[in-house]
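Here is how the chains run, residue by residue.
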Amino acid sequence: MDPFWDPNSRRRRQQPVVAVHPADDAPAAGRTWPLSIPAVAQVLREGLDLDPGVTFLVGENGSGKSTLVEGVAIAYGLSPEGGSRQARHSTRPTESPLSEWLRIQRGVGANRWGFFLRAETMHSFYTYLEENPSLSRPDISFHEMSHGESFLALLGDRFQDPGFYCLDEPEAALSFSSTLSLIAVLRRIAEDGGQVLCATHSPVLAALPGAKILEVGEWGLRPAVWEDLELVRHWRSFLDEPGRYTRHLLD
């Protein structure tokens, strides 16, 4: 077993986030959003231990995976609209109050660097960097690139230090080959002692060897293996016989 996946290793104790705990005044599950989401209610009831390396949250739209990534990222101190701990840009606040109900248990002597990458706010983040040129390399013009190219440029520019990285559906901008490039970046971060929490719909991204997968749904959060994911089963069935799916939609 690779040392950065070993839960009893020294690196485990030094990882950026060991666990996410509910705050003393965290509310119980309720009928209002986001308390009505089973996965959120579970974390507020039981907390969430995070392994070293990469953890994927996989589930349907509305299952709560993005809400959890956002809440953990903000509780860690990252900008709600994406970026590092130093980023302070804001357009229209849409984040849930979940971060106020969470407490982060950090590893001893861990690197405090972090970055929150969310597909839906990257355009405004690029504008923020453009308006603050000292925060980015002068040779990178994010707005002059395609969506996918700018994502890959951002990975090369910001995903260097072994800190804590929160990613919300990063595959949205990426082609198949670019998603493979992202897999290589996440593997390098883990090997360097960093940590990743990522919400994804991509069976390609979730196939990263050694990653922990938590399936998110009406049951809350549960550990899963790649081969048994509902996401993987659906994609396999569709690629084997797409007509089985499309004829019901088009008839």
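Look above for the structure.
Residues numbered from 1 in each chain as written. Predicted model: local features only at pLDDT ≥ 70, side-chain atom pairs only at ≥ 80, totals over all residues. Heavy atoms only, no water.

Engineer: Before we move on, could you go through the overall build of the protein and cite the residues and values that matter?
Structural biologist: Scanning the protein from terminus to terminus reveals eight helices and nine strands. In the protein, the proportion of contacts linking residues at least 24 apart, taken out of those at least 6 apart, comes to 74%. As displayed, the protein has an accessible area near 12,500 Å², and 51% of this comes from carbon and sulfur atoms. (Helix = DSSP H or I, 4+ residues; strand = E, 2+ residues; numbered from the N terminus. Contact = heavy atoms within 4.5 Å. Areas by Shrake-Rupley, 256 points an atom, 1.4 Å probe, with all protein chains shown as cover.)

Engineer: I'd like a rundown of the sheet that holds strand S1 (residues 17–22), residues and numbers included.
Structural biologist: Here we have three strands laid out as an open sheet, ordered S2-S1-S4, and antiparallel in their pairing. Each of the sheet's edge strands pairs with one partner strand only, and the pair in question is strand S2 (48–49) and strand S4 (102–106). Note: S1 against S2, two bridges, orientation antiparallel. Among the inter-strand pairings, Val 20 is bridged to a residue of S2, identified as Leu 48. (Pairing = 2+ DSSP bridges.)

Engineer: Mind laying out the sheet that holds strand S9 (residues 220–224), listing which residues take part and the relevant values?
Structural biologist: Strand order across the open sheet formed by six strands is S5-S6-S7-S3-S8-S9, with mixed pairing between neighbours. Looking at strand neighbours, the two that pair on one side only are strand S5 (114–118) and S9, the edges of this open sheet. Between one strand axis and the next, the sheet turns through 15° on average, direction left out of account. Pairing of strand S8 (residues 212–217) with S9, which is carried by five bridges, proceeds in the antiparallel orientation. Bridging from a neighbouring strand, Val 216 pairs with Leu 221 of S9. Each of S8 and S9 touches helix H2 (residues 38–46); the most contacted strand, S9, lies at about 85° to it. With respect to the sheet, helix H6 (residues 176–191) is in contact with strand S3 (53–59), strand S6 (164–168) and strand S7 (195–200), its orientation differing from that of S3 by roughly 135°. (Axes fitted to C-alpha atoms, helices over the stretch in contact; angles between N-to-C directions.)

Engineer: Now, about the environment of Leu 229: what can you tell me, with residues and values included?
Structural biologist: Within the secondary structure, Leu 229 sits in the loop between S9 and helix H7 (230–240). Assessed through its relative accessible area of 0%, Leu 229 is described here as buried. (Buried < 20%, exposed > 50% of the residue type's maximum accessible area, 1.4 Å probe, protein only.)

Engineer: Residue-level account of the state of the cysteines, with values.
Structural biologist: Taken as a whole and assessed by the stated rule, the structure comprises zero disulfides. The thiol of Cys 166 is unpaired, and the distance to the nearest cysteine sulfur, on Cys 198, comes to 9.6 Å. (Disulfide = S-S within 2.5 Å.)

Engineer: Please give an account of H6 that cites residues and values.
Structural biologist: With 16 residues, H6 extends 23 Å between its outermost C-alpha atoms, agreeing within 8% with the 22 Å of an ideal straight helix rising 1.5 Å per residue. Among all positions of H6, only Ser 178, Thr 179, Leu 182, Ile 183, Val 185, Leu 186, Ile 189 and Ala 190 are buried. Down the axis of H6, the buried set is contained in an arc of 165°. They therefore lie on one face. In the segment just after H6, Gly 193 is the residue with positive phi, at about 100°. (Expected span 1.5 Å × (residues − 1). Arc of directions from axis to C-beta.)

Engineer: Please give an account of the side chain of Gln 195 that cites residues and values.
Structural biologist: Along the chain, Gln 195 turns up in strand S7. Judged by relative accessible area, which is 1%, Gln 195 ranks as buried. Here the side chain of Gln 195 touches Val 17 through a polar contact of 2.8 Å, landing on its backbone nitrogen. At 3.0 Å, the side chain of Gln 195 forms a polar contact with the backbone oxygen of Asp 51. (Polar contact = N/O pair within 3.5 Å; in protein donor to acceptor, adjacent residues only side chain to side chain.)

Engineer: Kindly report on the packing of aromatic side chains, identifying the contributing residues and their values.
Structural biologist: Counted by the stated rule, this structure contains three aromatic pairs. Consider the rings of Tyr 76 and Phe 164, whose centres lie 4.9 Å apart with planes at 55°: the pair is tilted. Of this pair, Tyr 76 sits in helix H3 (residues 65–76) while Phe 164 sits in strand S6; the two residues are 88 residues apart in sequence, bridging distant segments of the chain. Judged by its relative accessible area of 1%, Tyr 76 falls in the buried class. Judged by relative accessible area, Phe 164 falls into the buried class, the value being 0%. Geometrically, the ring pair formed by Phe 238 and Tyr 245 is edge-to-face, given 5.6 Å between the ring centres and 65° between the ring planes. Taken together, Trp 235, Phe 238 and Tyr 245 form an aromatic cluster joined through their ring pairs. The positively charged end of Arg 106 is found above the aromatic ring belonging to Tyr 76, 4.5 Å away from the centroid. Cation over ring: Arg 222 sits above Trp 219, and NZ or CZ is 3.5 Å from the ring centre. (Phe/Tyr/Trp six-rings, centres within 6.5 Å; stacked < 30°, edge-to-face > 60°. Lys NZ or Arg CZ within 6 Å of the ring centre and 35° of its normal.)

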